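Structural characterization, general
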Amino acid sequence: MRIGVFGAGYVGLVTAVCLAELGHLLQVVEVDERKVEKLNNGTNTIYEPGLDELLESNIGRGNIYFTNDSRSVIEHSEVIFLCVGTPPMPDGSADLSQIETAVQDIIRYTRADEYKLVVVKSTVPVGTSKWVREIIHNETRDRRINIEVASNPEFLREGTAVSDFMNPDRIVMGVVSERARTILGSVYESFECPKIFTTPETSEIIKYAANSFLATKISFINMVADLCEEVGADVSLVAEGMGYDKRIGREFLRAGIGFGGSCFPKDLQAFLHVGKSKSLDFGLLEQVISINEQRPVRVVSKLTSHLNGLNGKLITVLGLAFKSNTDDVRESPAAKLIKLLVQEGAVVKATDPLSIDNFKRMYPDLVEKVSFFENANEAIGGSHAAIVVTDWKEYKNLDWRRIRERMIRPIVYDTRNFLNAEEMLGCNFEYLAIGKNYTQMTGTLV
Ligand code: UDX
């Protein structure tokens, strides 16, 4: 099929390249001309394992083309996916201006007697598809064009987005006509997974509810971790003990410094805003957000008491990306942590294998207050403490025994419970973790 995509960001680029890989003919609207040029030369503009090869091969096969000319993409396409940004507004609601701009273009450039299926893949508040339908209805009354709207939320995790797209747990499609159901169904014809056809409203809520529930699991286990620290229990074993229950599951019960990224924080705020706008009690989500926001505060408070104050102390932050295998630093816990460390007077050094440039661009106010190192070994030398914030595999493989000799105090705070605790304790580190209190723990770790 001839498919158009608006937006070549983390979602749009993965969606477009994977649909091209499946044999569809893709044209992608991207406003950033430098990105357009790079992508048409087969150069990827985001870090996403496996995407480079797919982009290059589909550019080579002529299956995909990037442009900032929305008209040509609209005229090319029978199905148009909207994968534009829906960033949070100050009140937490989603900013839908990029959606509206794309829809206006589609209205403007759809010719008489043509049919277009507009598919909203961006994460949008419930009711957005209806709102788009109303815009189209009001602005095309006197024209013989037929533009339908469907919802098709994505469930892609950064770092595994290509695999998540090609091997989805399910595909959710919110449609209002048999024609839209047939057309959207044929886009995903080659997928064997469960396909849920429903209304756009149900589809939109599935996305927000799924992300909000995943975030709730994380804040729940982080709440439990606080108790474990007080009583000398081990939160990882608590999570394991819980997870054997198939109704609970093992995933997303890893205690840590909290969730970040461009989805959970934004989606929780938007879902909360929608609930409040209907005068519903969505207080649960407020607690999920509050527990998450407390995570970096709790880490700094514990480190402060461990070091009897942070003023003038050299602290190294290991990891700036909001999770490993991505260069995305949006809503990164590292940024919140560094701001708190600086407020306490600490002298902060930071390192990350991929994200330093993105971090400097996104948090310019921190650039002058932090020393950045490409090399983790170098960054840790001479520190009073090192805080593991992102679970980069390379931090597991550091020569911690050698590193210990070069630190002023051998304190490692593993806020992802990611390192080998026994090895760290065996190297006589003052090893701090989340939801585990080694000074109190009795018995041996399983
Ligand atoms: C998430 C959803 O998983 C995905 O389905 C949706 O489409 C987009 O949002 P993403 O934000 O890319 O994906 O990353 P994810 O792997 O979900 O992690 C989100 C955050 O939660 C990260 O900061 C991660 O470190 C944290 N996390 C995850 C935990 O703290 N504990 C866990 O057990 C799992």
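Structure's up top.
Rules used throughout
- Residues numbered from 1 in each chain as written.
- Predicted model: local features only at pLDDT ≥ 70, side-chain atom pairs only at ≥ 80, totals over all residues.
- Heavy atoms only, no water.
- Salt bridge = Lys/Arg side-chain N within 4 Å of Asp/Glu carboxyl O.
- Helix = DSSP H or I, 4+ residues; strand = E, 2+ residues; numbered from the N terminus.
- Buried < 20%, exposed > 50% of the residue type's maximum accessible area, 1.4 Å probe, protein only.
- Polar contact = N/O pair within 3.5 Å; in protein donor to acceptor, adjacent residues only side chain to side chain.
- 1 Å grid on protein atoms, 1.4 Å probe; cavity = no way out; pocket = protein on both sides within 12 Å on 5 of 7 lines; lining within 4 Å.
- Points joined across faces, edges and corners; volume = space filled by probe spheres on them.
- Nonpolar A, V, L, I, M, F, W, Y, C, P; charged D, E, K, R; others polar.
- Near = heavy atom within 4 Å.
- Areas by Shrake-Rupley, 256 points an atom, 1.4 Å probe, with all protein chains shown as cover.
- Disulfide = S-S within 2.5 Å.
- Axes fitted to C-alpha atoms, helices over the stretch in contact; angles between N-to-C directions.
- Parallel < 35°, antiparallel > 145°, perpendicular 65-115°, else oblique.
- Left-handed = near helix turned anticlockwise from the far one by under 90°.
- Contact = heavy atoms within 4.5 Å.
- Core = buried A, V, L, I, M, F, W, Y, C linked by side-chain atoms within 4.5 Å.

When charged atoms on two side chains of opposite charge get close, those side chains can pair. One pass over the structure, following the stated rule, counts 25 salt bridges. Here R34 ties to D32 by a salt bridge, and the two come within 3.5 Å at their closest N and O atoms. E75 is the salt-bridge partner of R71, the closest N and O atoms lying 2.8 Å from each other. A residue pair is termed a helical-turn pair when its members lie 3 or 4 positions apart in one helix, as R71 and E75 do in helix α4 (residues 70-76) at four residues. Judged by its relative accessible area of 44%, R71 is partly exposed. One continuous salt-bridge network, built from bridges that share partners, spans D226, E229, E230, R295, R298 and K302.

This part is about helix α2 (residues 33-40). Capping of α2 at its N-terminal end is provided by D32; its side-chain oxygen lies 2.9 Å from the backbone amide nitrogen of R34. Once α2 ends, the next one or two residues include G42, with phi positive near 80 degrees.

Now for the layout of surface pockets. In this model, the second largest pocket occupies a volume close to 460 Å³. Taken together, 22 residues line the second largest pocket, and the ones lying closest to its centre are S236, L237, A239, E240 and K436. Among the elements that line the lining of the second largest pocket, the one with the most residues is helix α10 (residues 235-243), at five residues. The residue inventory of the lining of the second largest pocket, partitioned by class, reads 12 nonpolar, three polar and seven charged.

What follows concerns unusual backbone geometry. Phi at D113 is positive, roughly 65 degrees, even though this residue is not glycine. Structurally, D113 can be placed in the loop between α5 (97-109) and β5 (115-120).

Attention now moves to the site of the ligand. Around the ligand sit 19 residues, and of these L156, E158, K207, R254 and K323 come closest. Measuring from an oxygen atom of the ligand, one finds a backbone N or O atom of E158 at 2.7 Å. Here K207 contributes a side-chain N or O atom positioned 2.9 Å from an oxygen atom of the ligand. Burial of the ligand by the surrounding chains reaches 95%, relative to a free accessible area of 660 Å².

Counting across every chain of the model gives zero disulfides. For the unlinked cysteine C193, the closest cysteine sulfur is that of C18, found at 13 Å. Assessed through its relative accessible area of 14%, C193 is described here as buried.

Take the packing of helix α11 (residues 264-277) against helix α12 (residues 283-306) next. Closest axis-to-axis distance for the α11/α12 pair is 9 Å, and the angle between their directions is 155 degrees. Taken together, the axes of α11 and α12 are roughly antiparallel relative to one another. Judged by the twist between their axes, the crossing of α11 over α12 is left-handed. Where α11 abuts α12, its residues L268, Q269, F271, L272 and K276 lie against L285, E286, V288 and I289. Tallied by class, residues from the contact of α11 with α12 come to six nonpolar, one polar and two charged.

Glancing now at the nonpolar core. Inside soluble globular proteins, nonpolar side chains tend to come together where they are buried. Counting 42 residues, the largest nonpolar core has F66, F81, L184 and Y188 as its most contacted members. In terms of residues, this core owes the most to one element, helix α1 (residues 10-21), which gives eight residues. Dropping the residues within four chain positions of it, L184 is found in contact with F81, L117, V119, A150, S151, N152, M173 and V175. The next biggest cluster of nonpolar side chains, apart from the first, holds 41 residues, and it includes C228, A334, F359 and V389.

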